Amino acid sequence: MAARLLSHEVSDLCLGKPPLRSLSASATIRHALTALKSSDDTHISIWTCNHHKPTSDHHLQLIHDDCRCVGKICMVDIICYLSKQENISSPSSALKSPLSALLSHVPAVVRHVEPSSSLIEAIDLIIDGAQNLVVPIKNKTLKRKQLRQYPSTTPTIHSGGREFCWLTQEDVIRFLLSSIGLFSPSAAYSIESLGIITTDILTINYHSPATEAVEAISTSLADQTSVAVVDDDGVLIGEISPFTLIYCDETVAAAITTLSAGELMAYVDCGGPPEDMIRVVEARLKERNVTGMLEEFSIYSTGIPDCNNNSSSDDETASSPAATQSRRYKRSCGYSARMMRRAEAIVCYPGSSLVAVMIQAIAHRVNYVWVIEDDCRVVGIVRFSGMLEVFREHLEGMME
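What this report covers is the structure whose coordinates are included nearby. (Residues numbered from 1 in each chain as written. Predicted model: local features only at pLDDT ≥ 70, side-chain atom pairs only at ≥ 80, totals over all residues. Heavy atoms only, no water.)

## Some words on the overall build of the protein
When helices and strands are tallied, the protein shows 21 helices and 12 strands. Looking at the protein residue by residue over its 400 residues, the buried ones come to 50%. Considering only contacts in the protein between residues 6 or more positions apart, those separated by 24 or more positions represent 72%. As displayed, the protein has an accessible area near 19000 Å², and 50% of this comes from carbon and sulfur atoms. (Helix = DSSP H or I, 4+ residues; strand = E, 2+ residues; numbered from the N terminus. Buried < 20%, exposed > 50% of the residue type's maximum accessible area, 1.4 Å probe, protein only. Contact = heavy atoms within 4.5 Å. Areas by Shrake-Rupley, 256 points an atom, 1.4 Å probe, with all protein chains shown as cover.)

Pasting the structure below:
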């Protein structure tokens, strides 16, 4: 069984993975925003080429040689960018900025690998900092329905008709979990005894302005972690997580600008923002005379649907401008409702076993789990990358 696990290649983890939706690095932030809203993908891959269909074999070879994935963009990148002080007054102008303004400056977040790369090579890349591994797959002509569904994002063309998918840290962890028995007894050891609890964590006080968390949110996105919301005694109350914000829309920037950290948790909690919170955000934008963001926010707030209310309205209401906006933005609201991601933090204890923490993270679709003491004080965090270090060491022992 150990030899079989070690024989696996990256291509074995790619079975059933859809081809990447892509944007050119020359596109604007508004292009990325449109692409994210028009698909179910949480991230859009960014490439150095335009993906235009080549007109000659020579052009095709040039695309193969030069076309590289240089990063990825998600809604959290856009939210944090719009929340910056210099962009609050004119978010519409900020959206005209090039995508280079959003791309992570952390090296090697996205790495290209060959399908024949080994499982261990993939794990090593993730431990070194890679979040996504870009893998070429055999190109299959997209159905016309798919092309209509994603008009602004197209699969990348390479010589030989190849497209690309990517593997995430979660994909690798899930794969290893299916063979967890091979990692006995390490998988049953506590995370404390394995030394994988990271104590360098990002926190913000419950009553602090949410604007103070913008830099921390960006950092947590880059680190695949989260920002803990704590009280004055360090007790964990909740979190502001990129894994929650990723299913919101850009109007959350207005909430970050006006709310406290605790209020922001309520705003982004499962099911969409409560109506009273929407009114609070709008009132505070008016008080601060943030005209540009107020205009952008008002376009959406007049028609944000109540995700928890499935009752039908009368004909008069259905034909109103607010109802029209509601139907337009119902999809964005549906993201949060579908994923059921809440601002409540996922926690474990220093004595929790590695396998138990793995299952917790996978079940909640996050790459980390907070570590707390019995009094609920947060003491650290466990990340997928730390878990993979344990498995990597165990796999190395299998090879000897």
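Having seen the structure, we can now continue with the description.
## Thoughts on the pattern of salt bridges
One pass over the full model with this rule turns up nine salt bridges. A salt bridge links E250 to K37; the shortest N-O distance between them is 3.1 Å. Linking E250 in the loop between α13 (242-245) and α14 (252-258) with K37 in helix α3 (residues 29-37), this pair joins segments that are 213 residues apart in sequence. In this structure, E170 and R365 form a salt bridge, with 2.8 Å as the shortest nitrogen-oxygen distance. Of this pair, E170 sits in helix α10 (residues 169-177) while R365 sits in the loop between α20 (354-363) and β11 (368-372); the two residues are 195 residues apart in sequence, bridging distant segments of the chain. You can call E170 buried: its relative accessible area is 9%. (Salt bridge = Lys/Arg side-chain N within 4 Å of Asp/Glu carboxyl O.)

## What about the environment of R174?
Tracing the sequence through the fold places R174 in helix α10. Looking at R174, the relative accessible area reads 38%, which means it is partly exposed. Taking the C-alpha atoms as reference, R174 lies 7.4 Å from I362; in sequence the two are 188 residues apart. Contact partners of R174, with chain neighbours within four places excluded, come to I362 and R365.

## Considerations on unusual backbone geometry
In this structure, the amide linkage connecting S184 to the following residue, P185, adopts the cis form with an omega of 5°. You will see that Q224, though not glycine, has its phi angle at about 60°, which is positive. Mapped onto the fold, Q224 is located in the loop between α12 (214-223) and β8 (227-230). A relative accessible area of 12% places Q224 in the buried class. Notably, C376 is not glycine yet its phi reads approximately 75°, a positive angle.

## Some remarks on the environment of D41
Among the secondary structure elements, D41 is positioned in the loop between α3 and β2 (43-47). Using a relative accessible area of 29% as the deciding quantity, one classes D41 as partly exposed. Filtering out sequence-adjacent residues up to four positions away, D41 remains in contact with R21 and L36.

## Things to note about the sheet that holds strand β3 (residues 69-74)
In space, the three strands of this open sheet follow the order β1-β2-β3, with mixed pairing throughout. Each having just a single partner strand, β1 (22-24) and β3 make up the two edges of the open sheet. Across the sheet, the mean angle separating the axes of adjacent strands is 35° when strand polarity is ignored. As defined by bridge partners, β2 adjoins β3 across five bridges and the pair is classed as antiparallel. Paired with S45 across the two strands is K72, which belongs to β3. (Pairing = 2+ DSSP bridges. Axes fitted to C-alpha atoms, helices over the stretch in contact; angles between N-to-C directions.)

## Here we look at the pairing of strand β6 (residues 163-168)
Counting buried positions over the six residues of β6 gives five, a clear majority of the element. Bridge count between strand β5 (residues 132-137) and β6: six bridges; the pairing is antiparallel. Its bridge partner being in β6, V135 is matched across the sheet by C165.

## Let's talk about the nonpolar core
Ranked by size, the top nonpolar core spans 57 residues in total, and within it I78, L99, I217, I240, V252 and Y267 carry the most contacts. Counting residues per element, this core draws most heavily on helix α5 (residues 75-82), at seven residues. Sequence-distant contacts of Y267, that is, excluding residues within four places in its chain, are made with T251, V252, A255, L259, G272, P273, P274, M277, I278, V281 and F297. Counting residues in hydrophobic clusters, the runner-up holds 52 residues, among them V10, I173, I362 and F384. (Core = buried A, V, L, I, M, F, W, Y, C linked by side-chain atoms within 4.5 Å.)

## Quick notes on the sheet that holds β6
The sheet built from three strands is open, its strands ordered β4-β5-β6 with mixed pairing. Two strands close off the open sheet at either side, each with one partner strand: β4 (110-112) and β6. Averaged over all neighbouring strand pairs, the angle between strand axes comes to 30°, with direction disregarded.

## Notes on the packing of aromatic side chains
Under the defined criterion, the tally for this structure stands at four aromatic pairs. On the numbers, 5.2 Å between centres and 55° between planes, the contact of W47 with F164 is tilted. Highlighted residues: W47 in strand β2 and F164 in strand β6, separated in sequence by 117 residues. For the pair W47 and F164, one class covers both residues: buried. Note on Y368 and W370: the rings are 6.2 Å apart at their centroids and 70° apart in plane angle, and the pair reads as edge-to-face. Of the residues examined, Y368 reaches a relative accessible area of 0% and is grouped as buried. Looking at W370, the relative accessible area reads 0%, which means it is buried. Cluster of aromatic residues (ring-pair linked, three or more members): F243, Y368 and W370. (Phe/Tyr/Trp six-rings, centres within 6.5 Å; stacked < 30°, edge-to-face > 60°.)

By themselves, these are just geometric observations and shouldn't be taken as functional.
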